[in-house]
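Overview (structure and organization)
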Amino acid sequence: MIKSKRIAEWVKTALIVLLTASAMILGWRTALFNDFFNSIPFLGNIAGLVAGSTPAAPAVSMDAEAVRPLTIVVTDDNGIRHGIKYDVVERNNAYDRISSIFAEALGSMAEPVEISEETWRTALFTPGVYFEYIMPVRLSVLDGWLGVRMPEFAEDISLRRIFVAFSGDTNRIYFEDAVSGIFYGADTVSARSIQEMYSTDPNGAVFAFETGLAVAENAPYMLIMPGNTHPFIRAMITGSAQEHLATVLFAFGLENETIHSSYDSDGARRYLGTHFNIRVESNGRVTYRLTGGVQMTEGYPLKSESEMIEVARAIVADTISGHSSGEAEIFFEKIEQDSGNSFSVTFGYYIAGGRVHLFEDGHAARITFSDGVVVEAELIFRNFSVITGEYATLLPEKQALAAAGGEFMLSFPYAGAEKLMPSWIKYGFGGSDF
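Nothing here was measured: the structure is a model prediction, and the numbers come from that model. (Residues numbered from 1 in each chain as written. Predicted model: local features only at pLDDT ≥ 70, side-chain atom pairs only at ≥ 80, totals over all residues. Heavy atoms only, no water.)

Some thoughts on the overall build of the protein chain
What the protein chain contains, in helices and strands, is 10 helices and 23 strands. Of all 434 residues assigned to the protein chain, the portion counted as buried reaches 52%. Taking the contacts inside the protein chain whose residues are at least 6 apart along the sequence as the reference set, 64% of them involve residues at least 24 apart. Carbon and sulfur atoms provide 52% of the accessible area of the protein chain, an area that totals close to 19,500 Å². (Helix = DSSP H or I, 4+ residues; strand = E, 2+ residues; numbered from the N terminus. Buried < 20%, exposed > 50% of the residue type's maximum accessible area, 1.4 Å probe, protein only. Contact = heavy atoms within 4.5 Å. Areas by Shrake-Rupley, 256 points an atom, 1.4 Å probe, with all protein chains shown as cover.)

Put into C-alpha coordinates, the structure is as follows:
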(Lines give C-alpha, C1' and ligand atoms only; values in the text may rest on other atoms or scores of the structure.)
Protein backbone atom coordinates (compact mmCIF):
# COMPACT_ATOMS: atom_id res chain seq x y z
CA MET A 1 0.00 0.00 0.00
CA ILE A 2 2.78 2.37 0.98
CA LYS A 3 4.69 1.46 -2.18
CA SER A 4 1.59 2.22 -4.29
CA LYS A 5 1.25 5.64 -2.65
CA ARG A 6 4.91 6.40 -3.35
CA ILE A 7 4.51 5.43 -6.98
CA ALA A 8 1.45 7.65 -7.23
CA GLU A 9 3.36 10.58 -5.71
CA TRP A 10 6.27 10.03 -8.13
CA VAL A 11 3.88 9.98 -11.09
CA LYS A 12 2.21 13.17 -9.82
CA THR A 13 5.58 14.93 -9.42
CA ALA A 14 6.68 13.83 -12.87
CA LEU A 15 3.48 15.23 -14.39
CA ILE A 16 3.99 18.58 -12.62
CA VAL A 17 7.58 18.81 -13.91
CA LEU A 18 6.44 17.88 -17.42
CA LEU A 19 3.64 20.44 -17.43
CA THR A 20 5.97 23.17 -16.09
CA ALA A 21 8.58 22.39 -18.75
CA SER A 22 5.92 22.45 -21.46
CA ALA A 23 4.67 25.81 -20.25
CA MET A 24 8.21 27.23 -20.26
CA ILE A 25 8.86 25.99 -23.78
CA LEU A 26 5.58 27.44 -24.97
CA GLY A 27 6.43 30.73 -23.24
CA TRP A 28 9.79 30.95 -25.01
CA ARG A 29 8.28 30.09 -28.40
CA THR A 30 5.58 32.70 -28.05
CA ALA A 31 7.95 35.33 -26.54
CA LEU A 32 5.66 35.38 -23.52
CA PHE A 33 8.56 36.10 -21.16
CA ASN A 34 10.46 38.57 -23.35
CA ASP A 35 9.26 41.67 -21.51
CA PHE A 36 10.19 40.15 -18.16
CA PHE A 37 13.71 39.18 -19.16
CA ASN A 38 14.29 42.41 -21.07
CA SER A 39 13.37 44.31 -17.92
CA ILE A 40 16.44 42.83 -16.21
CA PRO A 41 19.42 44.87 -17.44
CA PHE A 42 22.08 42.19 -17.37
CA LEU A 43 19.95 39.46 -18.93
CA GLY A 44 19.34 41.86 -21.78
CA ASN A 45 22.88 43.20 -21.99
CA ILE A 46 25.58 40.86 -20.74
CA ALA A 47 24.15 37.38 -21.40
CA GLY A 48 26.43 35.44 -23.70
CA LEU A 49 29.48 37.61 -23.07
CA VAL A 50 31.01 35.07 -20.71
CA ALA A 51 31.16 31.43 -21.79
CA GLY A 52 29.29 28.96 -19.64
CA SER A 53 27.71 31.54 -17.34
CA THR A 54 24.22 32.90 -16.89
CA PRO A 55 24.32 36.45 -15.53
CA ALA A 56 21.98 37.24 -12.68
CA ALA A 57 19.77 40.29 -12.32
CA PRO A 58 21.72 43.23 -10.87
CA ALA A 59 21.15 44.17 -7.25
CA VAL A 60 20.93 47.87 -8.09
CA SER A 61 20.27 49.91 -11.17
CA MET A 62 21.62 53.21 -12.40
CA ASP A 63 19.50 56.12 -13.57
CA ALA A 64 18.49 55.85 -17.22
CA GLU A 65 21.14 58.36 -18.26
CA ALA A 66 24.78 57.39 -18.32
CA VAL A 67 25.55 61.11 -18.42
CA ARG A 68 23.80 64.37 -17.68
CA PRO A 69 24.73 67.87 -18.77
CA LEU A 70 27.08 69.47 -16.26
CA THR A 71 25.91 72.96 -17.17
CA ILE A 72 22.33 74.19 -17.55
CA VAL A 73 21.31 77.75 -18.36
CA VAL A 74 17.67 78.83 -18.16
CA THR A 75 16.53 82.11 -19.72
CA ASP A 76 12.92 83.02 -18.99
CA ASP A 77 10.41 85.06 -20.99
CA ASN A 78 11.64 88.24 -19.32
CA GLY A 79 15.23 87.64 -20.38
CA ILE A 80 16.30 86.67 -16.86
CA ARG A 81 19.18 84.18 -17.01
CA HIS A 82 20.02 81.60 -14.37
CA GLY A 83 23.10 79.40 -14.69
CA ILE A 84 23.57 76.08 -12.91
CA LYS A 85 27.02 74.52 -12.85
CA TYR A 86 28.31 73.41 -9.44
CA ASP A 87 25.17 72.87 -7.39
CA VAL A 88 24.45 69.21 -8.19
CA VAL A 89 21.14 69.11 -6.31
CA GLU A 90 19.82 72.14 -8.20
CA ARG A 91 21.14 70.81 -11.50
CA ASN A 92 19.43 67.45 -11.08
CA ASN A 93 16.22 69.13 -9.96
CA ALA A 94 16.26 71.40 -13.00
CA TYR A 95 17.12 68.56 -15.38
CA ASP A 96 14.37 66.32 -14.01
CA ARG A 97 11.86 69.09 -14.61
CA ILE A 98 12.91 70.29 -18.03
CA SER A 99 14.56 67.32 -19.76
CA SER A 100 11.15 66.36 -21.17
CA ILE A 101 11.16 69.65 -23.12
CA PHE A 102 14.60 68.74 -24.43
CA ALA A 103 13.41 65.25 -25.40
CA GLU A 104 10.25 66.44 -27.14
CA ALA A 105 12.16 69.01 -29.15
CA LEU A 106 14.82 66.52 -30.28
CA GLY A 107 12.29 63.83 -31.12
CA SER A 108 10.18 66.13 -33.27
CA MET A 109 12.84 68.25 -34.96
CA ALA A 110 12.89 68.82 -38.69
CA GLU A 111 16.10 68.31 -40.65
CA PRO A 112 18.65 70.87 -39.38
CA VAL A 113 19.88 73.70 -41.60
CA GLU A 114 23.22 75.43 -41.28
CA ILE A 115 23.17 78.80 -39.54
CA SER A 116 25.78 81.42 -38.77
CA GLU A 117 27.57 81.61 -35.44
CA GLU A 118 26.05 85.06 -35.01
CA THR A 119 22.57 83.53 -35.25
CA TRP A 120 23.55 80.94 -32.62
CA ARG A 121 24.84 83.64 -30.25
CA THR A 122 21.74 85.76 -30.71
CA ALA A 123 19.56 82.76 -29.87
CA LEU A 124 21.34 82.31 -26.53
CA PHE A 125 19.80 85.60 -25.32
CA THR A 126 16.25 84.48 -26.07
CA PRO A 127 13.94 82.49 -23.73
CA GLY A 128 15.02 78.88 -23.62
CA VAL A 129 17.25 76.29 -21.99
CA TYR A 130 20.91 75.54 -22.73
CA PHE A 131 22.64 72.24 -21.99
CA GLU A 132 26.37 71.54 -22.06
CA TYR A 133 27.87 68.05 -21.67
CA ILE A 134 31.37 67.32 -20.44
CA MET A 135 32.18 65.63 -23.77
CA PRO A 136 30.36 65.34 -27.12
CA VAL A 137 27.54 62.78 -27.20
CA ARG A 138 25.86 61.28 -30.26
CA LEU A 139 22.13 61.73 -30.53
CA SER A 140 21.81 58.01 -31.24
CA VAL A 141 23.11 57.46 -27.70
CA LEU A 142 20.99 60.18 -26.08
CA ASP A 143 17.69 58.91 -27.43
CA GLY A 144 17.58 55.88 -25.13
CA TRP A 145 18.34 57.95 -22.04
CA LEU A 146 15.75 60.57 -22.95
CA GLY A 147 13.12 57.99 -23.86
CA VAL A 148 12.54 59.39 -27.33
CA ARG A 149 13.18 58.14 -30.84
CA MET A 150 15.47 60.46 -32.78
CA PRO A 151 14.76 61.13 -36.46
CA GLU A 152 16.99 58.90 -38.57
CA PHE A 153 18.87 61.86 -40.07
CA ALA A 154 19.90 63.01 -36.58
CA GLU A 155 21.34 59.79 -35.17
CA ASP A 156 24.94 60.43 -36.22
CA ILE A 157 24.99 64.04 -35.01
CA SER A 158 27.50 64.52 -32.21
CA LEU A 159 27.02 67.51 -29.94
CA ARG A 160 28.24 68.96 -26.71
CA ARG A 161 26.12 72.12 -26.56
CA ILE A 162 22.47 72.53 -27.47
CA PHE A 163 19.90 75.28 -26.94
CA VAL A 164 16.11 74.87 -27.10
CA ALA A 165 14.53 78.25 -27.81
CA PHE A 166 10.91 79.01 -26.98
CA SER A 167 9.68 81.11 -29.88
CA GLY A 168 6.00 81.68 -30.48
CA ASP A 169 3.88 78.62 -31.11
CA THR A 170 6.74 76.12 -31.49
CA ASN A 171 10.21 75.63 -30.11
CA ARG A 172 13.39 75.70 -32.15
CA ILE A 173 16.65 73.82 -31.60
CA TYR A 174 20.11 75.30 -32.04
CA PHE A 175 23.32 73.31 -31.68
CA GLU A 176 26.96 73.10 -32.66
CA ASP A 177 28.11 69.95 -34.45
CA ALA A 178 31.00 68.76 -32.29
CA VAL A 179 32.83 67.20 -35.24
CA SER A 180 32.62 69.96 -37.84
CA GLY A 181 32.14 72.98 -35.59
CA ILE A 182 29.24 74.09 -37.81
CA PHE A 183 26.13 75.56 -36.18
CA TYR A 184 22.65 74.35 -37.05
CA GLY A 185 19.05 75.26 -36.37
CA ALA A 186 15.98 73.07 -36.63
CA ASP A 187 12.25 73.64 -36.21
CA THR A 188 10.24 71.35 -33.95
CA VAL A 189 6.58 70.65 -33.28
CA SER A 190 7.15 70.98 -29.53
CA ALA A 191 5.46 74.01 -27.97
CA ARG A 192 6.12 73.68 -24.23
CA SER A 193 7.50 76.67 -22.37
CA ILE A 194 10.13 76.77 -19.67
CA GLN A 195 7.83 78.97 -17.59
CA GLU A 196 5.53 76.05 -16.86
CA MET A 197 8.44 73.85 -15.78
CA TYR A 198 11.03 75.91 -13.95
CA SER A 199 11.29 79.41 -12.49
CA THR A 200 14.56 81.12 -11.58
CA ASP A 201 16.23 84.27 -10.35
CA PRO A 202 19.20 85.94 -12.08
CA ASN A 203 22.55 84.85 -10.61
CA GLY A 204 25.15 86.68 -12.68
CA ALA A 205 26.10 83.78 -14.96
CA VAL A 206 27.47 84.87 -18.36
CA PHE A 207 28.92 83.16 -21.39
CA ALA A 208 32.64 83.72 -21.91
CA PHE A 209 32.11 85.73 -25.09
CA GLU A 210 30.19 88.29 -23.01
CA THR A 211 33.21 89.05 -20.81
CA GLY A 212 34.97 91.15 -23.44
CA LEU A 213 38.24 89.24 -22.97
CA ALA A 214 40.08 88.52 -26.20
CA VAL A 215 41.00 85.05 -24.93
CA ALA A 216 37.28 84.26 -24.51
CA GLU A 217 37.07 83.48 -28.21
CA ASN A 218 39.02 80.31 -27.47
CA ALA A 219 36.09 79.11 -25.35
CA PRO A 220 33.19 81.49 -26.13
CA TYR A 221 30.37 79.28 -24.80
CA MET A 222 31.85 78.31 -21.47
CA LEU A 223 29.60 79.52 -18.68
CA ILE A 224 31.36 81.91 -16.28
CA MET A 225 29.92 81.85 -12.76
CA PRO A 226 30.30 84.67 -10.21
CA GLY A 227 31.38 82.61 -7.18
CA ASN A 228 34.84 81.14 -6.61
CA THR A 229 34.57 78.97 -3.48
CA HIS A 230 34.43 75.19 -3.82
CA PRO A 231 34.33 72.40 -1.21
CA PHE A 232 36.98 69.94 -0.15
CA ILE A 233 36.15 66.31 -0.88
CA ARG A 234 36.69 63.26 1.31
CA ALA A 235 37.83 60.08 -0.44
CA MET A 236 37.67 56.57 0.97
CA ILE A 237 38.18 53.00 -0.18
CA THR A 238 35.08 51.15 0.90
CA GLY A 239 34.77 47.42 1.06
CA SER A 240 37.42 44.73 1.24
CA ALA A 241 39.20 43.02 -1.63
CA GLN A 242 36.94 39.98 -1.13
CA GLU A 243 33.83 42.18 -1.31
CA HIS A 244 35.08 43.81 -4.53
CA LEU A 245 35.77 40.38 -6.01
CA ALA A 246 32.28 39.16 -5.09
CA THR A 247 30.69 42.26 -6.61
CA VAL A 248 32.50 41.83 -9.92
CA LEU A 249 31.79 38.09 -10.06
CA PHE A 250 28.10 38.76 -9.51
CA ALA A 251 27.97 41.57 -12.09
CA PHE A 252 29.40 39.27 -14.75
CA GLY A 253 27.24 36.33 -13.72
CA LEU A 254 30.26 34.39 -12.47
CA GLU A 255 29.29 33.93 -8.83
CA ASN A 256 28.77 30.19 -9.37
CA GLU A 257 31.89 29.70 -11.48
CA THR A 258 34.87 27.83 -10.07
CA ILE A 259 37.98 29.77 -9.11
CA HIS A 260 40.69 27.23 -9.96
CA SER A 261 43.55 29.07 -8.28
CA SER A 262 44.66 32.39 -6.88
CA TYR A 263 48.02 33.94 -6.13
CA ASP A 264 49.63 37.23 -5.13
CA SER A 265 51.36 39.32 -7.77
CA ASP A 266 52.76 42.86 -7.48
CA GLY A 267 50.76 43.63 -4.35
CA ALA A 268 47.50 42.34 -5.80
CA ARG A 269 45.55 39.10 -5.69
CA ARG A 270 44.84 37.36 -9.00
CA TYR A 271 41.99 34.85 -9.35
CA LEU A 272 41.92 32.40 -12.26
CA GLY A 273 38.72 30.91 -13.65
CA THR A 274 38.09 28.66 -16.61
CA HIS A 275 37.77 31.50 -19.10
CA PHE A 276 38.56 34.63 -17.08
CA ASN A 277 40.93 36.12 -14.56
CA ILE A 278 40.31 38.90 -12.07
CA ARG A 279 43.00 41.04 -10.45
CA VAL A 280 42.05 42.73 -7.16
CA GLU A 281 44.33 45.44 -5.78
CA SER A 282 44.35 46.72 -2.22
CA ASN A 283 43.68 50.28 -3.46
CA GLY A 284 40.25 49.30 -4.80
CA ARG A 285 41.17 48.76 -8.44
CA VAL A 286 39.72 45.58 -9.94
CA THR A 287 40.50 44.31 -13.44
CA TYR A 288 38.47 41.62 -15.18
CA ARG A 289 39.82 39.91 -18.32
CA LEU A 290 38.21 37.35 -20.58
CA THR A 291 40.71 34.61 -21.39
CA GLY A 292 38.60 31.91 -23.02
CA GLY A 293 36.03 31.45 -25.73
CA VAL A 294 32.66 33.13 -25.77
CA GLN A 295 29.30 31.41 -26.09
CA MET A 296 27.24 33.76 -28.24
CA THR A 297 23.52 34.28 -27.76
CA GLU A 298 20.96 36.23 -29.74
CA GLY A 299 21.93 39.88 -30.17
CA TYR A 300 25.68 39.30 -29.97
CA PRO A 301 28.20 40.36 -30.95
CA LEU A 302 27.26 44.01 -30.35
CA LYS A 303 27.34 46.04 -33.54
CA SER A 304 26.85 49.69 -32.57
CA GLU A 305 28.55 52.18 -30.30
CA SER A 306 25.29 52.89 -28.48
CA GLU A 307 24.92 49.16 -27.63
CA MET A 308 28.46 49.01 -26.25
CA ILE A 309 27.91 52.15 -24.19
CA GLU A 310 24.70 50.72 -22.72
CA VAL A 311 26.36 47.40 -21.80
CA ALA A 312 29.27 49.31 -20.23
CA ARG A 313 26.78 51.47 -18.31
CA ALA A 314 25.11 48.34 -16.92
CA ILE A 315 28.46 46.95 -15.74
CA VAL A 316 29.31 50.23 -14.01
CA ALA A 317 25.82 50.37 -12.45
CA ASP A 318 26.27 47.03 -10.74
CA THR A 319 29.83 47.51 -9.57
CA ILE A 320 31.36 50.86 -8.62
CA SER A 321 28.17 52.91 -8.93
CA GLY A 322 25.94 50.63 -6.92
CA HIS A 323 28.33 49.70 -4.15
CA SER A 324 30.74 52.47 -3.25
CA SER A 325 30.47 55.81 -5.04
CA GLY A 326 28.94 57.76 -2.15
CA GLU A 327 27.86 61.27 -3.20
CA ALA A 328 29.76 61.09 -6.47
CA GLU A 329 28.06 60.56 -9.83
CA ILE A 330 29.63 58.30 -12.43
CA PHE A 331 29.19 59.61 -15.96
CA PHE A 332 29.98 58.24 -19.38
CA GLU A 333 32.81 60.26 -20.90
CA LYS A 334 33.82 58.81 -24.23
CA ILE A 335 34.06 55.80 -26.50
CA GLU A 336 37.24 55.34 -28.50
CA GLN A 337 38.19 52.93 -31.24
CA ASP A 338 41.51 51.47 -30.11
CA SER A 339 42.27 49.43 -33.22
CA GLY A 340 40.27 47.42 -35.71
CA ASN A 341 37.16 46.13 -33.93
CA SER A 342 38.39 47.07 -30.46
CA PHE A 343 36.61 49.87 -28.54
CA SER A 344 37.02 51.31 -25.05
CA VAL A 345 34.24 53.03 -23.10
CA THR A 346 35.35 55.21 -20.19
CA PHE A 347 33.50 56.70 -17.22
CA GLY A 348 34.55 59.29 -14.64
CA TYR A 349 33.68 60.25 -11.06
CA TYR A 350 31.99 63.68 -10.70
CA ILE A 351 31.14 65.55 -7.52
CA ALA A 352 30.23 69.16 -6.64
CA GLY A 353 30.29 70.04 -10.33
CA GLY A 354 33.89 68.90 -10.81
CA ARG A 355 35.70 65.81 -12.03
CA VAL A 356 37.76 63.56 -9.78
CA HIS A 357 41.04 62.75 -11.51
CA LEU A 358 42.17 59.35 -10.26
CA PHE A 359 45.85 58.43 -10.34
CA GLU A 360 47.59 58.53 -13.71
CA ASP A 361 44.58 57.14 -15.59
CA GLY A 362 41.99 59.69 -14.51
CA HIS A 363 38.96 57.51 -15.13
CA ALA A 364 36.65 55.60 -12.78
CA ALA A 365 36.06 52.71 -15.19
CA ARG A 366 37.12 51.52 -18.60
CA ILE A 367 35.25 48.73 -20.40
CA THR A 368 36.96 47.25 -23.46
CA PHE A 369 35.16 45.44 -26.27
CA SER A 370 36.69 43.31 -29.01
CA ASP A 371 34.49 42.19 -31.89
CA GLY A 372 31.45 43.29 -29.89
CA VAL A 373 32.29 41.32 -26.74
CA VAL A 374 33.49 42.57 -23.33
CA VAL A 375 37.09 41.38 -23.01
CA GLU A 376 38.31 43.63 -20.19
CA ALA A 377 36.88 45.85 -17.47
CA GLU A 378 38.90 48.08 -15.19
CA LEU A 379 36.88 49.32 -12.21
CA ILE A 380 38.05 51.61 -9.41
CA PHE A 381 35.98 51.36 -6.23
CA ARG A 382 35.90 54.69 -4.38
CA ASN A 383 33.60 56.63 -2.09
CA PHE A 384 33.57 60.42 -2.37
CA SER A 385 31.67 62.92 -0.23
CA VAL A 386 31.62 66.68 0.26
CA ILE A 387 33.27 67.82 3.51
CA THR A 388 30.66 70.08 5.08
CA GLY A 389 31.85 73.59 5.87
CA GLU A 390 35.34 73.29 4.35
CA TYR A 391 35.94 75.40 1.24
CA ALA A 392 38.84 76.64 -0.84
CA THR A 393 38.84 80.02 -2.54
CA LEU A 394 40.03 79.68 -6.12
CA LEU A 395 40.92 82.27 -8.71
CA PRO A 396 37.71 84.03 -9.87
CA GLU A 397 36.46 82.47 -13.10
CA LYS A 398 36.96 85.52 -15.30
CA GLN A 399 40.61 85.68 -14.25
CA ALA A 400 40.89 81.91 -14.55
CA LEU A 401 39.69 82.17 -18.15
CA ALA A 402 42.47 84.65 -18.90
CA ALA A 403 45.07 82.54 -17.07
CA ALA A 404 44.05 79.30 -18.81
CA GLY A 405 43.95 80.92 -22.22
CA GLY A 406 40.76 79.03 -22.94
CA GLU A 407 38.29 76.60 -21.43
CA PHE A 408 38.98 75.26 -17.95
CA MET A 409 37.16 73.00 -15.51
CA LEU A 410 36.88 72.20 -11.82
CA SER A 411 38.98 69.23 -10.77
CA PHE A 412 39.65 67.22 -7.62
CA PRO A 413 43.04 65.51 -8.14
CA TYR A 414 43.32 62.21 -6.26
CA ALA A 415 46.56 60.36 -5.61
CA GLY A 416 45.61 58.38 -2.53
CA ALA A 417 45.06 61.13 0.05
CA GLU A 418 41.86 61.17 2.07
CA LYS A 419 41.21 64.89 1.51
CA LEU A 420 40.93 66.32 -2.01
CA MET A 421 41.43 70.02 -2.69
CA PRO A 422 39.57 71.70 -5.58
CA SER A 423 41.58 73.29 -8.38
CA TRP A 424 41.17 74.70 -11.86
CA ILE A 425 42.69 72.74 -14.71
CA LYS A 426 42.68 73.32 -18.44
CA TYR A 427 39.74 71.59 -20.08
CA GLY A 428 40.33 67.94 -20.88
CA PHE A 429 40.69 64.71 -18.94
CA GLY A 430 44.46 65.07 -19.00
CA GLY A 431 44.26 68.80 -18.28
CA SER A 432 47.03 70.48 -16.32
CA ASP A 433 46.90 73.05 -13.54
CA PHE A 434 47.55 76.69 -14.39
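Quick notes on the pattern of salt bridges
Within the structure shown, the criterion is met by 22 salt bridges. Between E132 and R161 there is a salt bridge whose closest N-O contact spans 2.8 Å. One end of the pair, E132, is in strand β4 (residues 128-138); the other, R161, is in strand β5 (residues 158-167), with 29 residues separating them in the sequence. Just as E132 is buried, R161 falls in that class too. (Salt bridge = Lys/Arg side-chain N within 4 Å of Asp/Glu carboxyl O.)

Quick word on the side chain of N277
By secondary structure assignment, the location of N277 is in strand β13 (residues 276-281). Judged by relative accessible area, N277 falls into the buried class, the value being 11%. Once you skip the residues sitting within four places of it in the chain, N277 turns out to touch R270, Y271, L272, T287, Y288, R289 and T291.

Describing the nonpolar core
Judged by nonpolar contacts, the single largest core of 123 residues is most densely connected at Y288 and F384. The leading source of residues in this core is helix α4 (residues 88-107), at 8 residues. (Core = buried A, V, L, I, M, F, W, Y, C linked by side-chain atoms within 4.5 Å.)

Things to note about the side chain of T211
Checked against the element boundaries, T211 lands in the loop between β8 (206-207) and β9 (223-224). A polar atom in the side chain of T211 sits 2.7 Å from the backbone oxygen of A208. Within the structure, T211 has its side chain in polar contact with the backbone nitrogen of L213 (distance 3.3 Å). Setting aside chain neighbours within four positions, we find T211 in contact with V206, A216, I224, K398 and L401. (Polar contact = N/O pair within 3.5 Å; in protein donor to acceptor, adjacent residues only side chain to side chain.)

Section: the confidence of the model for the protein chain
A residue-level look at the protein chain finds 80% of positions with pLDDT of 70 or above and a mean pLDDT of 81. For residues 1-45, every residue scores under 50 in pLDDT, and the model assigns this stretch 25 contacts once sequence neighbours within four places are set aside. Below pLDDT 50 for its whole length, residues 47-63 participates in 57 contacts with residues either more than four positions away or in separate chains. (pLDDT = per-residue confidence, 0-100.)

So, the sheet that holds strand β22 (residues 419-420)
Reading across from one edge, β20-β10-β22 is the order of the 3 strands in this open sheet, with antiparallel pairing throughout. The strands lining the two open edges of the sheet, one partner per strand, are β20 (383-393) and β22. In the sheet, strand β10 (residues 229-236) pairs with β22 via 2 bridges, with the strands oriented antiparallel. Its bridge partner lying in β22, I233 is registered against L420. (Pairing = 2+ DSSP bridges.)

Some details on the pairing of strand β7 (residues 183-187)
For β7, the buried fraction is high: 4 of the 5 residues fall into the buried class. Bridge count for strand β3 (residues 113-115) against β7 is 3 bridges, and the pairing is antiparallel. Across the sheet, residue I115 finds its bridge partner in β7, namely F183. Examined bridge by bridge, strand β6 (residues 170-177) and β7 share 5 bridges and lie antiparallel to one another. Each bridged residue has a counterpart across the sheet, and for R172 the counterpart in β7 is D187.

Comments concerning the packing of α4 against helix α6 (residues 139-146)
One way to put it is that α4 packs onto α6 with a least axis distance of 11 Å and a crossing angle of 130 degrees. In terms of axis orientation, α4 runs oblique to α6. Where α4 crosses over α6, the handedness of that crossing is left-handed. In contact with Y95, S99, F102, A103 and L106 of α4, α6 contributes L139, L142 and L146. For the contact of α4 with α6, a count of residues per class yields 7 nonpolar, 1 polar and no charged. (Axes fitted to C-alpha atoms, helices over the stretch in contact; angles between N-to-C directions. Parallel < 35°, antiparallel > 145°, perpendicular 65-115°, else oblique. Left-handed = near helix turned anticlockwise from the far one by under 90°. Nonpolar A, V, L, I, M, F, W, Y, C, P; charged D, E, K, R; others polar.)

Some remarks on the packing of aromatic side chains
Two aromatic rings, taken as a pair, are described by how far apart their centres are and by the angle between their planes. This model, assessed by the stated rule, comprises 18 aromatic pairs. For the pair F183 and Y221, a centre-to-centre distance of 6.0 Å together with 75 degrees between the ring planes defines the contact as edge-to-face. In this pair, F183 is assigned in strand β7 and Y221 in the loop between β8 and β9, connecting sequence segments 38 residues apart. Between F408 and W424 the ring centres are 5.0 Å apart and the planes differ by 70 degrees, which places this aromatic pair in the edge-to-face class. Separated by 16 residues along the polypeptide, F408 in strand β21 (residues 408-414) and W424 in strand β23 (residues 423-426) bring together distant segments of the chain. Looking at F408, the relative accessible area reads 3%, which means it is buried. Taken together through their ring pairs, the aromatic side chains of W120, F125, Y130, F183, F207, F209 and Y221 make up a single cluster. Positioned above the aromatic ring of F209, the side-chain terminus of R121 is 4.6 Å from the ring centre. (Phe/Tyr/Trp six-rings, centres within 6.5 Å; stacked < 30°, edge-to-face > 60°. Lys NZ or Arg CZ within 6 Å of the ring centre and 35° of its normal.)

A closer look at the packing of α6 against helix α8 (residues 305-317)
With their axes 9 Å apart at the nearest point, α6 and α8 run at an angle of 45 degrees to one another. By the criterion of interaxial angle, the relationship of α6 to α8 is oblique. Between α6 and α8 the crossing geometry is right-handed. On α8, the residues touching S140, V141 and W145 of α6 are S306, I309, E310 and R313.

Brief notes about helix α10 (residues 397-404)
Within α10, burial applies to E397, A400, L401 and A404. Buried positions in α10, seen along its axis, are confined to an arc of 105 degrees and lie on one side of it. Among the structural elements, β9, β21 and β23 are those in contact with the buried residues of α10. Two residues or fewer after α10 comes G405, characterised by a positive phi angle close to 75 degrees. (Arc of directions from axis to C-beta.)

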